[in-house]
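# Structural overview
These are the residues of each chain, in order.
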Amino acid sequence: MADRTTQGSIQGGADDGQVDGIRTFPFPVELSVGGVGMQVGPMGSDRTWHADAPLERVHRIDFHVVMLFDGEPVRHMVDFAEYEAAAGDLLWIRPGQVHRFSPTSEYRGTVLTMQPGFLPRTTVEATGLYRYDLPPLLRPSEPQLAGLKAGLAQLRREYEDTATLPPSLHAAVLRHTLTAFLLRLAHLAASSADAGRQAESTFTLFRDAVEKGFATNHSVSAYADALGYSRRTLVRAVRAATGETPKGFIDKRVVLEAKRLLAHTDLPIGRVGAAIGFPDAANFSKFFQQHTELTPAAFRAELR
């Protein structure tokens, strides 16, 4: 499913509203199995919320959407922030949030939608369904992902099984199975928020250390040791804050300083390299060209 596409089990819907010029689409209850207030199925390339809704446009929904991805990375906008979700990641979009599908991404995986009111109030409170302070992008660990996949697979089996139970019991089983899945999801969302706050603190310390030491220290392990973190912890924190690896963050800062020195001083190329930790001019030129596709001399010439 790409932005021109969408969730495989969802299509069409009731009349849509519009708020501040942004269209709002309701839960398409008439398309769900048995008319229950949820849907679950594969993402595909032939579905939309509404027949007139190009999903690459910004729009609101008045229901919950949980997408579990298993394909190539997907870029998706939620409340005007861009998120990149890879295989094993989840996006949880809540009612009233603005979002937009990417027309250049192929959406693959499983999608769950829930109509407000399908679950009882106690479940809504226990699972934090309206915790808008929690991040929409969730990255579970391997054990967490295994549990979520198993829960979602069981939910899908119950959703599609309309032959073994009467409608009232079918809906009740779905509510219980959905609750079990959402409790796992809510725990992940809450722990991700806590981890994000810790990661932000870790990243801030790393960023400050790089700012002080980038001219002589380009080693991720050295920064991790100095800050008292494992390399893995540092990688998680920097990626969460910037989307980059610690090495990429360091290199970007070094390149920025090189550009400043090349643009605003008359230092020889070798002296510029030495000033940012490259005593060998050839190594500096190779590093700079790898990151800018220009030699230091060519970069300087373009500015003069």
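Further up the page is the structure itself.
Attention here is on the structure that accompanies the text. (Residues numbered from 1 in each chain as written. Predicted model: local features only at pLDDT ≥ 70, side-chain atom pairs only at ≥ 80, totals over all residues. Heavy atoms only, no water.)

In this structure, phenylalanine 80 is a non-glycine residue whose phi angle is positive, near 70°. Tracing the backbone shows phenylalanine 80 in the loop between strand S6 (74-78) and strand S7 (81-85). Overall, phenylalanine 80 belongs to the exposed group, its relative accessible area being 60%. Although it is not a glycine, glutamate 293 sits at a positive phi angle of roughly 65°. Positionally, glutamate 293 belongs in the loop between helix H8 (281-292) and helix H9 (296-302). (Helix = DSSP H or I, 4+ residues; strand = E, 2+ residues; numbered from the N terminus. Buried < 20%, exposed > 50% of the residue type's maximum accessible area, 1.4 Å probe, protein only.)

A few words on the sheet that holds strand S10 (residues 109-114). A sheet is described by the order of its strands in space; here 5 strands give the open sequence S3-S10-S5-S8-S11, paired in antiparallel fashion. Both outer strands of the open sheet, strand S3 (38-42) and strand S11 (137-138), are each paired with one neighbouring strand and no more. Relative to strand S8 (residues 90-93), strand S5 (residues 64-69) runs antiparallel, the two sharing 4 bridges. Residue pairing across strands places methionine 67 opposite leucine 91, the latter belonging to S8. Against the sheet, helix H2 (residues 142-160) contacts S3, S5, S8 and S10, and its axis sits at roughly 110° relative to S3. (Pairing = 2+ DSSP bridges. Contact = heavy atoms within 4.5 Å. Axes fitted to C-alpha atoms, helices over the stretch in contact; angles between N-to-C directions.)

What follows concerns the pairing of S3. By the criterion of burial, S3 is predominantly enclosed, with 4 of the 5 residues buried. By the bridge criterion, 5 bridges tie S3 to S10 in an arrangement that is antiparallel. Within the sheet, the bridge partner assigned to valine 40 lies in S10 and is leucine 112.

Moving on, we come to the pattern of salt bridges. Here the structure, examined in full by the defined rule, presents 11 salt bridges. Between glutamate 82 and arginine 100 there is a salt bridge, and its shortest N-O distance comes to 3.4 Å. With glutamate 82 in strand S7 and arginine 100 in strand S9 (residues 98-101), the pair connects residues that are 18 residues apart, well separated along the chain. Its relative accessible area of 28% is what places arginine 100 among the partly exposed residues. The closest approach of N and O atoms between glutamate 244 and lysine 252, which form a salt bridge, is 2.6 Å. For lysine 252, a relative accessible area of 53% translates into the label exposed. (Salt bridge = Lys/Arg side-chain N within 4 Å of Asp/Glu carboxyl O.)

Along its 12 residues, helix H5 (residues 231-242) runs 16 Å from first to last C-alpha, staying within 8% of the 16 Å computed at 1.5 Å per residue. Within the sequence span of H5, burial applies to Leu234, Ala237 and Val238. For H5, the angular spread of buried residues about the axis comes to 95°, placing them on one side. Set apart from the buried face of H5 by more than 90 degrees, the exposed residues are Arg232 and Ala240. Phi turns positive, to about 80°, at glycine 243, one or two residues after H5. (Expected span 1.5 Å × (residues − 1). Arc of directions from axis to C-beta.)

With that settled, the discussion passes to the packing of helix H6 (residues 246-264) against H8. Across the interface, H6 lies against H8 with an axial gap of 11 Å and an inter-helix angle of 105°. Here H8 runs roughly perpendicular to H6, going by the angle between their axes. Contacts from Asp251, Val254, Val255, Ala258, Lys259 and Leu262 in H6 reach Phe284, Phe287, Phe288, His291 and Thr292 in H8. Class assignment for the residues of the contact of H6 with H8 results in 7 nonpolar, 2 polar and 2 charged. (Parallel < 35°, antiparallel > 145°, perpendicular 65-115°, else oblique. Nonpolar A, V, L, I, M, F, W, Y, C, P; charged D, E, K, R; others polar.)

Before going further, it helps to examine the environment of histidine 64. Its location among the elements puts histidine 64 in strand S5. Taking relative accessible area as the criterion, histidine 64 reaches 1% and is therefore assigned buried. Spatially, the C-alpha atom of histidine 64 lies 5.4 Å from that of threonine 113, the residues being 49 residues apart in sequence. Leave out the neighbours within four places in its chain, and histidine 64 touches Trp92, Ile93, Arg94, Pro95, Leu112, Thr113, Met114, Leu129 and Tyr130. There is a polar contact of 3.3 Å between the side chain of histidine 64 and the side chain of tryptophan 92. (Polar contact = N/O pair within 3.5 Å; in protein donor to acceptor, adjacent residues only side chain to side chain.)

Turning to the environment of leucine 137, a few remarks are in order. Within the element layout of this structure, leucine 137 appears in strand S11. Spatially, the C-alpha atom of leucine 137 lies 9.4 Å from that of valine 78, the residues being 59 residues apart in sequence. Once residues lying within four places of it in the same chain are set aside, the contact partners of leucine 137 are Tyr83, Glu84, Ala85, Asp89, Leu90 and Leu91.

Counting 27 residues, the largest nonpolar core has Met38, Leu90, Leu112, Leu155, Leu178, Leu182 and Leu185 as the members making the most contacts within it. Among the secondary structure elements, those contributing two or more residues to this core are S3, S5, S8, S10, H2 and helix H3 (167-213). For this core, the leading source of residues is H3, giving 8 residues. Apart from the residues within four sequence positions on either side, leucine 178 is in contact with Met38, Leu112, Met114, Phe118, Leu119 and Leu155. (Core = buried A, V, L, I, M, F, W, Y, C linked by side-chain atoms within 4.5 Å.)

None of the figures reported here should be taken as evidence of function without further support.
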